[in-house]
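# What the coordinates show
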Amino acid sequence: SRRTLLGSGAAGLAVGVAGGVLGSEAVAAGPEPLGRVTVPFHGAQQAGILQGQQARVQLAAFDLAAGTGRDGLRQLMKRWSGTAARLARGESAGEHENQIALDAGPCALTVTFGFGASLFAEAGITGQLPPALAAPLPDFPGDALDRARSDGDLWVQIGADDALVAFHALRVLQQQAAGLAALRWQMAGFSRTPGATDRPMTGRNLMGQVDGTNNPRPGQDGFAAKVFADGPGWLAGGSYVVFRRIRMLLDNWENLPTDRQERVIGRRKSDGAPLSGGGETTPADLAGQNADGTLAIPADAHIRVAAPASNGGATMLRRGFSYQDGLLPDGSLDAGLLFIAFQADPARGFVPVQRKLARADSLSRFLRHEASGLYAVPPGAPEGGYVGQALLE
Ligand code: HEM
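Reading guide: rules and limits
Residues numbered from 1 in each chain as written. Predicted model: local features only at pLDDT ≥ 70, side-chain atom pairs only at ≥ 80, totals over all residues. Heavy atoms only, no water. Helix = DSSP H or I, 4+ residues; strand = E, 2+ residues; numbered from the N terminus. Rg over C-alpha atoms; globule rule 2.2 N^0.38 Å. Buried < 20%, exposed > 50% of the residue type's maximum accessible area, 1.4 Å probe, protein only. Contact = heavy atoms within 4.5 Å. Areas by Shrake-Rupley, 256 points an atom, 1.4 Å probe, with all protein chains shown as cover. Lys, Arg positive; Asp, Glu negative; His and termini not counted. Charge placed at Lys NZ, Arg CZ, Asp CG, Glu CD. Phe/Tyr/Trp six-rings, centres within 6.5 Å; stacked < 30°, edge-to-face > 60°. Near = heavy atom within 4 Å. Polar contact = N/O pair within 3.5 Å; in protein donor to acceptor, adjacent residues only side chain to side chain. Nonpolar A, V, L, I, M, F, W, Y, C, P; charged D, E, K, R; others polar. Donors = N, O, S within 2.8 Å, 3.2 Å for Na, K, Ca; no water. 1 Å grid on protein atoms, 1.4 Å probe; cavity = no way out; pocket = protein on both sides within 12 Å on 5 of 7 lines; lining within 4 Å. Points joined across faces, edges and corners; volume = space filled by probe spheres on them. pLDDT = per-residue confidence, 0-100. Axes fitted to C-alpha atoms, helices over the stretch in contact; angles between N-to-C directions. Parallel < 35°, antiparallel > 145°, perpendicular 65-115°, else oblique. Left-handed = near helix turned anticlockwise from the far one by under 90°. Arc of directions from axis to C-beta. Core = buried A, V, L, I, M, F, W, Y, C linked by side-chain atoms within 4.5 Å.

From N to C terminus, the chain includes 10 helices and nine strands. In summary, the chain has a C-alpha radius of gyration of 21 Å against a globular reference of 21 Å for 393 residues, a match within 12%. Overall, the C-alpha framework of the chain stretches about 65 × 55 × 45 Å when taken along its three principal axes. Put simply, the chain has 393 residues, and 50% of those count as buried. For the chain, restricting intrachain contacts to residue pairs at least 6 apart in sequence, the fraction spanning at least 24 positions comes to 76%. Within the structure as shown, the chain displays about 16,800 Å² of accessible surface, and the carbon and sulfur contribution to it stands at 51%. Computing the positive centroid from 36 side-chain charges and the negative centroid from 37, the chain places the two 3 Å apart.

Take the packing of aromatic side chains next. Summed over all chains, the structure comprises 11 aromatic pairs. Pairing phenylalanine 62 with tryptophan 80 gives two aromatic rings, centres 4.9 Å apart and planes at 65°, and the pair type is edge-to-face. Here tryptophan 80 lies in helix 2 (residues 69-88) and phenylalanine 62 lies in strand 1 (residues 56-64), a separation of 18 residues in the sequence. Across the pair, tryptophan 80 and phenylalanine 62 agree in class, each one buried.

Looking now at the site of the ligand. The environment of the ligand is formed by 26 residues, the closest being Gly212, Thr213, Asn214, His302 and Arg318. Within the backbone of threonine 213, one N or O atom sits 3.1 Å away from an oxygen atom of the ligand. Between the ligand and asparagine 214 there is a distance of 2.8 Å, counted from an oxygen atom to a backbone nitrogen or oxygen. Counting only elements with at least two residues in the shell around the ligand, the list comes to strand 5 (239-248), helix 8 (302-306), strand 8 (333-343) and helix 9 (350-360). A class-by-class count of the residues in the shell around the ligand yields 16 nonpolar, seven polar and three charged.

This part takes up the coordination of the iron atom of the ligand. Reference values for angles at a metal are 109.5 degrees in the four-donor tetrahedral case and 90 or 180 degrees in the six-donor octahedral case. Of the protein atoms, His302 (NE2) alone serves as a donor to the iron atom of the ligand, at 2.1 Å. Positionally, histidine 302 belongs in helix 8.

On inspection of all chains with the given rule, the structure shows one cavity of 30 Å³ or more. Of the voids in this model, the largest cavity is the one considered here, and its volume is about 60 Å³. Lining the largest cavity, in full, are Gln209, Val210, Trp253, Gln261, Glu262, Ile265, Arg267, Arg268, Lys269 and Gly272. Examining the composition of the lining of the largest cavity, we find that three residues originate from one element, helix 7 (residues 258-265), more than from any other. Tallied by class, residues from the lining of the largest cavity come to three nonpolar, three polar and four charged.

When pLDDT drops low, the exact placement of atoms in the prediction is not to be read closely. Per-residue pLDDT for the chain has a mean of 93; in total, 92% of the residues score no lower than 70. When pLDDT is averaged over each helix and strand of the chain, the minimum, 41, is found for helix 1 (residues 24-28) and the maximum, 99, for strand 3 (residues 154-160). The complex model carries a pTM of 0.94, and its ipTM stands at 0.99.

Attention now moves to the environment of proline 200. Tracing the backbone through its elements, the reader meets proline 200 in the loop between strand 4 (181-190) and helix 5 (223-227). Looking at proline 200, the relative accessible area reads 58%, which means it is exposed. Sequence separation between proline 200 and glycine 278 is 78 residues; the distance between their C-alpha atoms is 20 Å.

So, about the packing of helix 2 against helix 4 (residues 163-176). Contact pair helix 2 / helix 4: the axes reach a minimum separation of 10 Å and the direction vectors enclose 155°. Judged on the interaxial angle alone, helix 4 and helix 2 are roughly antiparallel. Seen along the crossing, helix 2 lies across helix 4 with a hand that is right-handed. Residues Leu76, Arg79, Trp80, Thr83 and Leu87 of helix 2 pack against His168, Ala169, Val172, Leu173 and Gln176 of helix 4.

On to helix 7. For helix 7, every residue scored as buried is listed here: Gln261, Glu262, Val264 and Ile265. Buried residues of helix 7, viewed axially, fall in a sector of 155°; they line one side. Close packing links the buried residues of helix 7 with helix 6 (250-254) and helix 8. Directly after helix 7, the chain includes glycine 266, whose backbone phi takes a positive value near 95°.

Attention now goes to the nonpolar core. Leu73, Met77, Trp80, Phe113, Leu154 and Ile158 are the most contacted members of the largest nonpolar core, which has 77 residues in total. Per-element tally for this core: the top contributor is helix 2, with eight residues. Not counting residues up to four positions away in its chain, the partners in contact with leucine 154 are Ala60, Ala61, Phe62, Leu64, Leu73, Leu76, Met77, Trp80, Gly114, Phe115 and Leu119. Membership of the second largest hydrophobic core comes to 22 residues, among which are Phe223, Ile340, Ala371 and Tyr375.

Turning our eyes to something else, we now look at the environment of isoleucine 246. Within the secondary structure layout, isoleucine 246 lies in strand 5. Overall, isoleucine 246 belongs to the buried group, its relative accessible area being 7%. Expressed as a C-alpha distance, the spacing of isoleucine 246 and glycine 222, which sit 24 residues apart in the sequence, is 29 Å. Excluding anything up to four places from it in sequence, isoleucine 246 contacts Tyr323, Ala335, Gly336, Leu337, Phe339, Leu367, Arg368 and His369.

In structure tokens, the structure reads:
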């Protein structure tokens, strides 16, 4: 039971088992307990980008306190990185350990940090602002963004296969930031729990669609160039992440018969196969036709409008989670997708694709973009180092 890389079908990423070699009883009992799965914090990339989604996510943004500056930010990133590394190994958080996850293992915990454009002004390092953060994301048609739940100086993505483990990490990071940075917004999400299906499968979103099939995969030609940034210096090997809270109008969606839902996406609901034929992983044939000469994948289908081929090659690594957050004043569920996409350059990833989707995608009638963020994601920290070191040292 290893944490696979990007869900089903991909090469497995070697992850360790905390606490050393499993006892023979554990081996006899089958796969090791979920709690023992570890993902190292240190590495060329930050953890939480290349690994498949965990069952739970806590997303948060923090704003620096007045006067924190560059020195305070360095102190915070050192403290947070040390804590994230300890928690990923299944050790105590150290300072502010609150015992919320005391009996659990690390449960594949990953903590990923991002830097928003506003951080650079706050910390007095505007000279280091990466060009891709110089302008905010453009307004897209249909956006209904809540600024209080958007942006922020620092972005934190905490993934784990257990809700207590994820909450514990967030709470500790929040308390360790006291005086230096405060929570600006927080959201919780989920995806499928490992072991819920007989074999590893691509997950489903709250519209019932198989979601994540045609993500770029490590090992594919040009993967690194599409996902990882080549500069500026301190960001080389890092990435940019776009976050969007996208509410689904589920009452409207579920009123559509299944065959119409399938034409909205361009894939079969049962198994995610493209409407041009084959199975889930068969490449979609955008030119394919039905017997009557109409396009098998309609002109306004989500996978056609979003495809790299329709957007000058624009590509991103999507790693979203579902959310469900009580009722809205009109009685409908506040539920949807916490969309998260990593890319080498948002101008060659999210921006052109979302421009097109907002106008031409039939799925957009069932969606409301309610919050948004764009952050530079520094490369991973080496053993003993901290995230953002090349920027802050
Ligand atoms: C593909 C759902 C928002 C970009 C897909 C697929 C589904 C899906 C079911 C097909 C399976 C797959 O390849 O993953 C959704 C839902 C969304 C949403 C429910 C909102 C709640 C977005 C947004 C973007 C995006 C905002 C980017 C701006 C893509 C891309 C693909 C894709 C690039 C792959 C297209 C291809 O096959 O080449 N999405 N999506 N999606 N989506 Fe979305």
